[in-house]
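A look at the structure
Residue-level listing of the chains:
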Amino acid sequence: KVDYLQTVAKANAGRLVAIAGEVKRIPWDTPDEMPATAGAVLYQGDAYKTGSEGKARVMIDEVGTVDILPNTEVIFGSLLPETISLRQNGGAVKATVTTKVSLRVNAALIELDKAEIVTGVENGMLRVDVLSGTSKVAYVDYTGRTKMWEVGTGKWLTVNDNTQE
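In short, a report on the structure.

What counts, and where the lines are drawn
Every chain is numbered on its own, with residues counted from 1 as its sequence reads. A pLDDT threshold of at least 70 governs which residues receive local features in this predicted model, and a stricter bar of 80 or more applies before side-chain atom pairs are shown or counted, although totals over entire chains, interfaces and linings include all residues. Side-chain numbers come from the whole structure's heavy atoms, not from hydrogens or water. Within this document, salt bridges are pairs made up of a side-chain nitrogen of Lys or Arg and a carboxyl oxygen of Asp or Glu, the two lying within 4 Å of each other. The helix count covers DSSP runs of H or I at least four residues long, the strand count covers runs of E at least two residues long, and both are numbered beginning at the N terminus. Burial status follows relative accessibility: with a 1.4 Å probe on protein chains alone, a residue under 20% of its type maximum counts as buried, one over 50% as exposed, and anything between as partly exposed. Counting of polar contacts relies on pairs of N or O atoms within 3.5 Å, with two restrictions inside protein: one atom must be capable of donating a hydrogen and the other of accepting it, and residues adjacent in sequence are counted only when both atoms are side-chain atoms. Aromatic pairing here means that ring centres of Phe, Tyr or Trp (its six-membered ring) are within 6.5 Å. Orientation follows from the plane angle: under 30 degrees is stacked, over 60 is edge-to-face, and everything else is tilted. We call a charge positioned over a ring when the NZ of a Lys or the CZ of an Arg lies within 6 Å of the ring centre and within 35 degrees of the ring normal.

This part is about the pattern of salt bridges. A side chain with one charge can pair with a side chain of the opposite charge if their charged atoms come near. In this structure the tally under the stated criterion is 6 salt bridges. Asp61 is the partner of Arg15 in a salt bridge, and the nearest nitrogen-oxygen pair spans 2.9 Å. In this pair, Arg15 sits in strand E1 (residues 14-20) while Asp61 sits in the loop between strand E6 (55-60) and strand E7 (64-68), placing the two residues 46 residues apart along the sequence. Here Arg15 falls in the partly exposed class, since its relative accessible area comes to 34%. Among the residues examined, Asp61 registers a relative accessible area of 28% and is labelled partly exposed. Between Lys49 and Glu33 there is a salt bridge, with the nearest N and O atoms lying 2.8 Å from each other. Highlighted residues: Lys49 in strand E5 (residues 47-50) and Glu33 in the loop between strand E2 (23-26) and strand E3 (34-35), separated in sequence by 16 residues.

This next bit is on the environment of Lys155. Mapped onto the fold, Lys155 is located in the loop between strand E15 (146-151) and strand E16 (156-160). Lys155 sits 23 residues away from Ser132 along the chain, and the two C-alpha atoms are 9.4 Å apart.

So, on to the side chain of Thr119. Along the polypeptide, Thr119 turns up in strand E12 (residues 116-122). Here Thr119 falls in the buried class, since its relative accessible area comes to 1%. Here the side chain of Thr119 touches Gln88 through a polar contact of 2.7 Å, side chain to side chain.

Turning next to the packing of aromatic side chains. With the rule as written, the count across this model stands at 1 aromatic pair. Taking the centre distance of 6.2 Å and the plane angle of 80° together, the rings of Tyr48 and Phe76 count as edge-to-face. Here Tyr48 is found in strand E5, whereas its partner Phe76 is found in strand E8 (residues 73-79), with 28 residues between them in sequence. Judged by relative accessible area, which is 0%, Tyr48 ranks as buried. On the basis of relative accessibility, which here comes to 0%, the residue Phe76 falls in the buried class. The cationic tip of Arg127 hangs over the ring face of Trp156; the distance from NZ or CZ to the ring centre is 3.9 Å.

This is the structure:
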């Protein structure tokens, strides 16, 4: 008898629903940049770069939207139902979720439940601004200790991927 591995969860489908200005896509299976097009399917591992006037909106089924703001580079890792993973190399991303989901951005895990946040990355610093709702932010420091904060509407928090305090 042969046993086959079963997937733990089916990934959510994502698609680019709107773009404005310069938006480049780097597909997961090639290093080549190409112009992004509205309606394109989002695959795990796809990267997007926006120019100084560029913006893009990604709709993730059963989760909500991710707006990629100007001068941002982001790679979509996992699109699992309970955890969306982003590698944000700079710029800002606005996430609006309609359900409970964890958003992993770089070294931080952000638990959201019907909330809207903006994450910004600059010089290794990650800033989380909560526009609505309440978010829990967890961060594992260089010693392996987990730090956790609860951040409410109108509040913000900054963590550093390189911190050694």
